Amino acid sequence: MPVGTARTCMNGLNALSGVGLLTVPYALSEGGWVSLALLAAVAAACWYTGILLCRCMDADDAIRTYPDIGERAFGRTGRLLVSAFTYVELYLVATGFLILEGDNLDKLFPGARVTLGTVSLAGKRLFVVLVALVVAPTTWLRSLGVLAYVSATGVFASVVIVLSVLWAAAVDGVGFSGRGTTTPLRIAGLPTALGLYIFCYGGHPMFPTLYTSMKRKSQFPKMLVICFLLCTLNYGAMAVLGYLMYGDGVLSQVTLNLPSARLSSKVAIYTTLLNPVTKYALVVTPIAAAVEERIRGAAGKGARAVSVSVRTLLVLSTVAVALALPFFADLMALVGSMLNVAVCMLLPCACYVRIFGAPSMSSVEAVAIGGILVLGSLVAVTGTYYSLMKIIHELVRMAIGGAAPPHPPRGGGGGSPEDSSTARRPDFEQPLLQAHAAVPARGKQEPVERDHEAQCSPEADGDGATFVRTCFNGLNALSGERWAAVDSGGWLSLVLLLAVAMVCCYTGLLLRRCMAASPAVRGYPDIGALAFGAKGRLAVSAFLYAELYLVAIGFLILEGDNLDKLFPGTSLAVGGLVVSGKQLFVVVVAVVILPTTWLRSLAVLAYVSASGVLASVVVVFCVLWAAVFDGVGFHGKGRMLNVSGLPTALGLYTFCYCGHAIFPTLCNSMQEKDKFSRVLVICFVACTVNYGSMAILGYLMYGDDVKSQVTLNLPEGKISSKLAIYTTLINPFSKYALMVTPVATAIEEKLLAGNKRSVNVLIRTLIVVSTVVIALTVPFFGHLMALVGSLLSVMASMLLPCICYLKIFGLTRCGRGETLLIAAIIVLGSLVAATGTYSSLKKIFYEF
């Protein structure tokens, strides 16, 4: 029987109003005040996609449901896909209803417990089971006519809840003491906030039914406007009220914050209890009907028994899931991010474009649909991942430390005062990064009169190095103990790691083209000389050798940290002087590696340094072993994006790929120099996978508590920890001499020391002593590496290759696209160099 516009409005309001009302204050606390604009934007987008569903139904009179639209657009596969998303969403919503009822009843009746024999149920678990027993009979009703009038109370209940919360604030003394975060926008909490906002408007599966039931279908767009406008006002009022009352302390359901003894609290909670009880059957019935259709004989003899059995099993399964995942807000964010986004945004747009075709759409409509698809995809990916990480984090905490807290940790830094202070505390520890390696020299030494870089460059044995060996040398140049700085920049900064890798790979190709311009170019300083003459050689040499010197210092700090981790409490007393901890190990390591720096020929070190690639892989597997088998687990939640930490993260990411100093040498050593581009691609891809794996592992394990070297976080006494740290110790020992030798050779050339053995030993010893002094003075490995990456590595890996290339070939020989790309790299590099250097120096000065 056709339904009037007013009654359809009531049904539409009932479809949109629900438990999402309780989560919007929490969503506002996650995203900050500015995220209210996102609530309005989500409402507008979901209203528009509702209009698209209406247009899709007008295309064919046979369309009566959402799965029918999917079939009209994409055939049977479309029906299957739409049905899957719809039914999974409804199933999780039903599970959320049980969690919601359990939370609120536990609030009303704290300490309740029931014991039957050896089985004891208490708290929210008890109430989840009791509510399931109450709602189970309502699911056995195959006709929903009886429930239609009861479910109409949902709209009235939503208004009553808002008024009850307002009464608690204005009359019952709660007040508006919570001012919320001082940050108007929390980027890290936006995925969760968006997922919860979208969940508020998840009525799209019912829109086709509402549309077909209307007497005057032309009024459906107006009906949608009224429904979305009223619901948005209701949601916005609740969000502002709850956040003003409790600030960042608002819980995942605002009713859990209300004072227990007040009448307004009880009215709000009792009213909240009404909606899930009346709507549970409405949510479960479509799933049950679909299952019954798949079971043969359900419509014949014994159909009633089959129907009751199916629906009872559905209720039991939702109870099991509700008891296993008692995290209402995160579960609703997961539903909103993954399923509601698909049902409310992606599928309507995709079906509409498929049915009507792109040519029939106006440019404005095409842009709107494209924007919704992009926004929906972004929210689906980031929000789903973020919500799953929160749920996994809570499950691990429950398994290790007992019951979960009443609400999940805040992505935006809210929570307890301790958590808040931790979130605001300056972060002085960055994930570990190893300084880049140089490829050892082999073959005879050249006279001192030759360029000092050439003295340290490998000469080809026979016809030169093979493709495979050059790949290995390239991997050894890029790989080591440097790992990505997700801690500084957050999860989304992994995109920057990939971007930096591509940029540095491209600038490596630019160096290859510069070398092809002249056969006399054999080292990086030669490229500077070719571009800018003697001043260019001097500038490139200065940046190159300053970088290598600081890298050598970083090696000493790295060794001191890791040895202090292996042997805590070690001290040495010589006369009245006592040296202990990492300072002692820095000195000991310097004494051990000092003789290796006296070797002018690096042929002996060539085979030792080859272990660097293997060592990097071994360390990653050791950290993975510690997480999976040694009980560390993946407890770290981390932040989605930390804007203030991006300069440091960019500097550290750039430092990961600062092997450009030896790229000319690698190219010269190849038998087939035309394949050097392939070598670079292979090396950068392999190293990026290795860095990314370690970054994700370390951040999942320790979150924002990860230290500047992840090995310092590993549990003491475990074989995996010791193996990782011992392996980490290998590279600095074998590569320190490789870093120092080019610097020493340059000094020897300036002093005309030639082959005077005593002068060479003295110079190299003084260099080692100077690095020890600085390592003891600046024991901040993460900040030192960020400084190197931000200032020197950016110059060597980004700016100098671009500048030299443009100078050598000129703008006329570069295409417009290539010129714009190079200009963008120069701008990006300059920005990273300036901001990263300032940030790193500021943190180092702060440590002093």
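Preceding this paragraph is the structure being described.
In short, a report on the structure. What you see is a predicted model; the values in this text were computed from it and never measured. In every chain, residue numbers begin from 1 and rise along the written sequence. Per-residue local features of the predicted model are confined to residues with pLDDT of at least 70, and side-chain atom pairs are confined, for both listing and counting, to 80 or more; whole-chain, interface and lining totals are unaffected and use all residues. The basis for the side-chain values is all heavy atoms of the structure; hydrogens and waters are excluded.

1. Things to note about the overall build of the chain
Logical step 1: Counting its regular elements, the chain contains 30 helices and 4 strands.
Logical step 2: Three labels apply to residues, based on accessible area from a 1.4 Å probe with only protein chains included: buried if under 20% of the type maximum, exposed if over 50%, partly exposed otherwise in between. The buried share among the 848 residues of the chain stands at 56%.
Logical step 3: Nonlocal contacts in the chain, meaning residues at least 24 apart in sequence, comprise 83% of its contacts between residues at least 6 apart.
Logical step 4: Approximately 34,300 Å² of the chain is accessible, and the part contributed by carbon and sulfur atoms is 69%. Working definition: helices are DSSP H or I runs of at least four residues, strands are E runs of at least two. Numbering for both runs from the N terminus. We call two residues contacting when some pair of their heavy atoms lies within 4.5 Å. All accessible areas in this document rest on Shrake-Rupley with a 1.4 Å probe, and a residue is counted as covered only by the protein chains that are shown.

2. A closer look at the pairing of strand β2 (residues 119-122)
Logical step 1: A pair of strands is treated as paired once DSSP finds two or more bridges between them. Where strand β1 (residues 113-116) lies against β2, 4 bridges are found, and the strand directions are antiparallel. Looking across to β2, one finds that arginine 113 is bridged to alanine 122.
Logical step 2: Two successive antiparallel strands, β1 and β2, enclose a turn made up of 2 residues, where glycine 117 displays a positive phi of approximately 65°.

3. Focus: the environment of valine 277
Logical step 1: Relative to the assigned elements, valine 277 resides in helix α11 (residues 263-294).
Logical step 2: Valine 277 sits 145 residues away from alanine 132 along the chain, and the two C-alpha atoms are 9.1 Å apart.
Logical step 3: Residues in contact with valine 277, not counting those within four places in the same chain, are Glu101 and Val135.

4. A few points about the pattern of salt bridges
Logical step 1: We define a salt bridge as a side-chain nitrogen of Lys or Arg found within 4 Å of a carboxyl oxygen belonging to Asp or Glu. Summed over all chains, the structure comprises 9 salt bridges.
Logical step 2: Between aspartate 248 and arginine 186 there is a salt bridge, with its nearest N and O atoms 3.1 Å apart. Placement of the pair is aspartate 248 in the loop between α10 (220-246) and α11 and arginine 186 in the loop between α7 (153-170) and α8 (190-200), with a sequence separation of 62 residues.
Logical step 3: Residue classification places arginine 186 among the buried residues on the basis of a relative accessible area of 9%.
Logical step 4: A salt bridge links glutamate 748 to arginine 764; the nearest nitrogen and oxygen atoms lie 2.9 Å apart. Of the two residues, glutamate 748 sits in helix α27 (residues 719-750) while arginine 764 sits in helix α28 (residues 757-777), which places them 16 residues apart along the sequence.
Logical step 5: Three or more residues joined by partner-sharing salt bridges are found here, namely Asp68, Glu71 and Arg79.

5. Quick notes on the packing of aromatic side chains
By convention here, two paired aromatic rings are described through the distance between centres and the angle between planes.
Logical step 1: Centres within 6.5 Å make a pair out of two Phe, Tyr or Trp rings, where for Trp the six-membered ring is used; the pair is then stacked when the planes are under 30 degrees apart, edge-to-face when over 60, and tilted otherwise. Taken as a whole and judged by the stated rule, the model has 14 aromatic pairs.
Logical step 2: Between tyrosine 352 and phenylalanine 356, the ring centres sit 4.8 Å apart and the planes meet at 40°, which makes this aromatic pair tilted. Taken together, the positions of tyrosine 352 and phenylalanine 356, both in helix α13 (residues 328-356) and 4 residues apart, correspond to about one turn of that helix.
Logical step 3: Since its relative accessible area comes to 33%, phenylalanine 356 is described here as partly exposed.
Logical step 4: With a centroid separation of 4.3 Å and an interplanar angle of 40°, the aromatic rings of tryptophan 625 and phenylalanine 629 are classed as tilted.
Logical step 5: Given a relative accessible area of 44%, tryptophan 625 falls into the partly exposed group.
Logical step 6: Classification of phenylalanine 629 as exposed rests on a relative accessible area of 57%.

6. Examining the nonpolar core
Logical step 1: Judged by nonpolar contacts, the single largest core of 76 residues is most densely connected at Ile69, Tyr201, Phe220, Tyr235 and Met238.
Logical step 2: It is α10 that contributes the most residues to this core, 13 residues altogether.
Logical step 3: Setting aside residues no more than four positions away along its own chain, methionine 238 makes contact with Leu21, Val24, Pro25, Ile161, Val162, Val165 and Val254.
Logical step 4: To define a nonpolar core, start from buried Ala, Val, Leu, Ile, Met, Phe, Trp, Tyr and Cys residues and group those joined through side-chain atoms within 4.5 Å. Core analysis: the second largest hydrophobic core is formed by 51 residues, Cys504, Ile527, Met670 and Cys814 among them.

7. So, α8
Logical step 1: The buried count for α8 comes to 11 of 11 residues, which makes it a mostly enclosed element.
Logical step 2: Within the span of α8, buried status applies to Leu190, Pro191, Thr192, Ala193, Leu194, Gly195, Leu196, Tyr197, Ile198, Phe199 and Cys200.

8. A closer look at the packing of helix α19 (residues 494-516) against helix α20 (residues 524-566)
Logical step 1: Comment: axis = line fitted to C-alpha atoms, over the contacting stretch for helices; angle = value between 0 and 180 degrees taken between N-to-C directions. Contact pair α19 / α20: the axes reach a minimum separation of 10 Å and the direction vectors enclose 65°. Considered as vectors, α19 and α20 are oriented roughly perpendicular to each other. In this structure, α19 meets α20 at a crossing whose hand is left-handed. Facing α19, whose interface residues are Leu511, Cys514 and Met515, α20 presents Tyr524, Ile527 and Leu530.
Logical step 2: Note that Gly is not counted as nonpolar here; it falls among the polar residues with everything else outside the nonpolar set of Ala, Val, Leu, Ile, Met, Phe, Trp, Tyr, Cys and Pro and the charged set of Asp, Glu, Lys and Arg. Tallied by class, residues from the contact of α19 with α20 come to 6 nonpolar, no polar and no charged. Working definition: roughly parallel below 35 degrees, roughly antiparallel above 145 degrees, roughly perpendicular at 65 to 115 degrees, and oblique for all remaining angles. Should the near helix be turned counterclockwise from the far one by less than a right angle, the crossing is left-handed, whereas a clockwise turn marks it as right-handed.

9. Structural notes on a nonpolar patch on the surface
Logical step 1: Patch construction takes residues with relative accessible area above 30% that form no salt bridge. Like charges are linked within 9 Å, and nonpolar side chains (Val, Leu, Ile, Met, Phe, Trp, Tyr) are linked within 5 Å. A grouping of Val617, Phe621, Leu624, Trp625, Val628, Phe629 and Ile719 is seen on the molecular surface, where their side chains present a nonpolar patch of about 720 Å² in accessible area.
Logical step 2: Of all the elements, helix α23 (residues 611-628) adds the most residues to the nonpolar patch, at 5 residues.
Logical step 3: The exposure class of valine 617 is partly exposed, given its relative accessible area of 35%.

10. Considerations on the environment of valine 267
Logical step 1: Structurally, valine 267 is set in helix α11.
Logical step 2: Along the sequence, valine 267 and serine 164 sit 103 residues apart, while their C-alpha atoms lie 6.7 Å from each other.
Logical step 3: The residues contacting valine 267, other than those within four sequence positions of it, are Val160 and Ser164.

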